[in-house]
Structures are given as structure tokens and as C-alpha cells.
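So you can see what is in the structure, the chains are spelled out below.
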Amino acid sequence: VQTIGFGTTQIEGRGVTSVDRVDPVRALQLAHADVSRKQAEMRACLGAVPLAEHEWDAYVSLAYNIGVPRWCRSTLVRRLRETPPNYTAACAEILRWNKAGGQVLRGLVRRREQEYRLCMGQ
């Protein structure tokens, strides 16, 4: 998969190619549009669960990385949809997403620890 800017893989409804180029302003516009779409998808599967801004920011970072469909099907979202929401357990679920290809990756461990701390308001 080719990426452009900040990881965008689609431009105007088509996949990017190795010849596609954007300037920094356009890269930011594409990233903003991409994140806005993903946030709308996340809100749709999460429902009306109230979240603090720091929690939402941590979940957006995670979902952007793992994909919104996987995030929506996760135990993390199930914890948030409990009555009452189990916020602490949901934040802890972030730490489980530390593998790629079945292998624990140090970079993902660090990223997930940062997202977890953000989620917990630290």
C-alpha cells in the first residue's frame, strides 16, 4: 500500500500511487479529512458514551493505527459500552495492541504505553 503525507492511502476516492505528490498544506488537509472521517465512524459504533477529551484522543490514535473496524469490534469498545462504562478497563485494553505479524514490537509497546497514559489522564 502506498502512502502519502501522513499515511493517507486515498486521494479523491482512489488509492495513491508512487507518482502522487502533495505539498505540506495539502498533506495536512488530507490528514484532517481522513481523521475526521475516522472519528465519525468511531462515534457511530461507540454511541453516546461520554468521554473526556484525553480519552477520545487516545482512542483516535489507536483506531487510526489499527483501523476503525477493528477498534469498533474490540473488547475496548465493549468495555466502554458496559453499564456503567468501565473506563479503566477500556484504557487498559490499549496495551494489548502491541503486535504486528504476531510479534510484539518495541515501537508499538512504546506507542501503546503513551496512548494508555493519555487515556488515563497522565
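Everything discussed here concerns the structure shown above.
Given the structure is predicted, the values throughout are model-derived calculations rather than measurements.

Caption draft 1: The arrangement of the packing of helix H1 (residues 24-46) against helix H2 (residues 53-66) in detail. The interhelical angle for the contact between H1 and H2, taken along N-to-C directions, is 110°, at an axis separation of 10 Å. If you check the angle between H1 and H2, you find them roughly perpendicular. Contacts between H1 and H2 involve Asp34, Val35, Lys38, Gln39, Met42, Arg43 and Leu46 from the first element and Trp56, Tyr59, Val60, Ala63 and Tyr64 from the second. Of the residues that constitute the contact of H1 with H2, the class distribution is eight nonpolar, one polar and three charged.

Caption draft 2: How the structure looks around the state of the cysteines. The final tally for this structure, using the stated rule, is two disulfides. Bridging Cys45 to Cys72, the disulfide has an S-S length of 2.1 Å. Note on the Cys45 and Cys72 pair: the S-S dihedral is about -80°, so by sign convention the disulfide is left-handed. In this pair, Cys45 is assigned in helix H1 and Cys72 in helix H3 (residues 68-72), connecting sequence segments 27 residues apart. The disulfide that involves Cys91 links it to Cys119, with 2.0 Å between the sulfurs. Across the S-S bond of Cys91 and Cys119 the torsion is about -70°, and the bridge reads as left-handed. Of this pair, Cys91 sits in helix H5 (residues 87-93) while Cys119 sits in helix H6 (residues 106-119), and the two are 28 residues apart along the sequence.

Caption draft 3: Up close: the side chain of Ser74. On the secondary structure map, Ser74 appears in the loop between H3 and helix H4 (75-80). Given the relative accessible area of 5%, Ser74 is considered buried. Within the local environment of Ser74, its side chain forms a polar contact with the backbone nitrogen of Val77, the two atoms lying 3.2 Å apart.

Caption draft 4: Structural detail: H1. Here H1 contains 23 residues, and its C-alpha end-to-end distance of 32 Å stays within 8% of the 33 Å for a straight helix at 1.5 Å per residue. Residues of H1 that are buried: Ala27, Leu30, Ala31, Asp34, Gln39, Met42, Cys45 and Leu46. If you follow the buried residues of H1, they end up packed against strand E1 (10-11), H2, H3 and H4. The distance from a side-chain oxygen at the start of H1 to the backbone nitrogen of Val25 is 2.9 Å, and the residue carrying that oxygen is Asp23.

Caption draft 5: View of the nonpolar core. Counting 20 residues, the largest nonpolar core has Met42, Leu46, Tyr59, Trp71, Leu76, Leu80 and Ile94 as the members making the most contacts within it. Mapped onto this core, the elements with two or more residues apiece are H1, H2, H3, H4 and H5.

Caption draft 6: How the structure looks around the side chain of Asp20. When you line up the elements, Asp20 lands in the loop between strand E2 (14-15) and H1. Exposure remark for Asp20: the relative accessible area of 14% places this residue in the buried category. Engagement of the side chain of Asp20 in a polar contact is seen with the side chain of Arg14, the distance being 3.0 Å. Here Thr17 takes part through its backbone nitrogen, which lies 2.6 Å from a polar atom of the side chain of Asp20.

Caption draft 7: A look at the pattern of salt bridges. Tallied over the full model, the rule gives seven salt bridges. With a closest N to O distance of 3.0 Å, Asp20 and Arg14 form a salt bridge. Judged by relative accessible area, which is 39%, Arg14 ranks as partly exposed. Arg112 serves as the salt-bridge partner of Glu115, at 2.8 Å between the closest nitrogen and oxygen. Highlighted residues: Glu115 and Arg112, both in helix H6, separated by three residues, approximately one helical turn.

Definitions and cut-offs
Residues numbered from 1 in each chain as written. Predicted model: local features only at pLDDT ≥ 70, side-chain atom pairs only at ≥ 80, totals over all residues. Heavy atoms only, no water. Axes fitted to C-alpha atoms, helices over the stretch in contact; angles between N-to-C directions. Helix = DSSP H or I, 4+ residues; strand = E, 2+ residues; numbered from the N terminus. Parallel < 35°, antiparallel > 145°, perpendicular 65-115°, else oblique. Contact = heavy atoms within 4.5 Å. Nonpolar A, V, L, I, M, F, W, Y, C, P; charged D, E, K, R; others polar. Disulfide = S-S within 2.5 Å. Buried < 20%, exposed > 50% of the residue type's maximum accessible area, 1.4 Å probe, protein only. Polar contact = N/O pair within 3.5 Å; in protein donor to acceptor, adjacent residues only side chain to side chain. Expected span 1.5 Å × (residues − 1). Core = buried A, V, L, I, M, F, W, Y, C linked by side-chain atoms within 4.5 Å. Salt bridge = Lys/Arg side-chain N within 4 Å of Asp/Glu carboxyl O.

Such coordinate-based values are descriptive only and should not be taken to indicate function.
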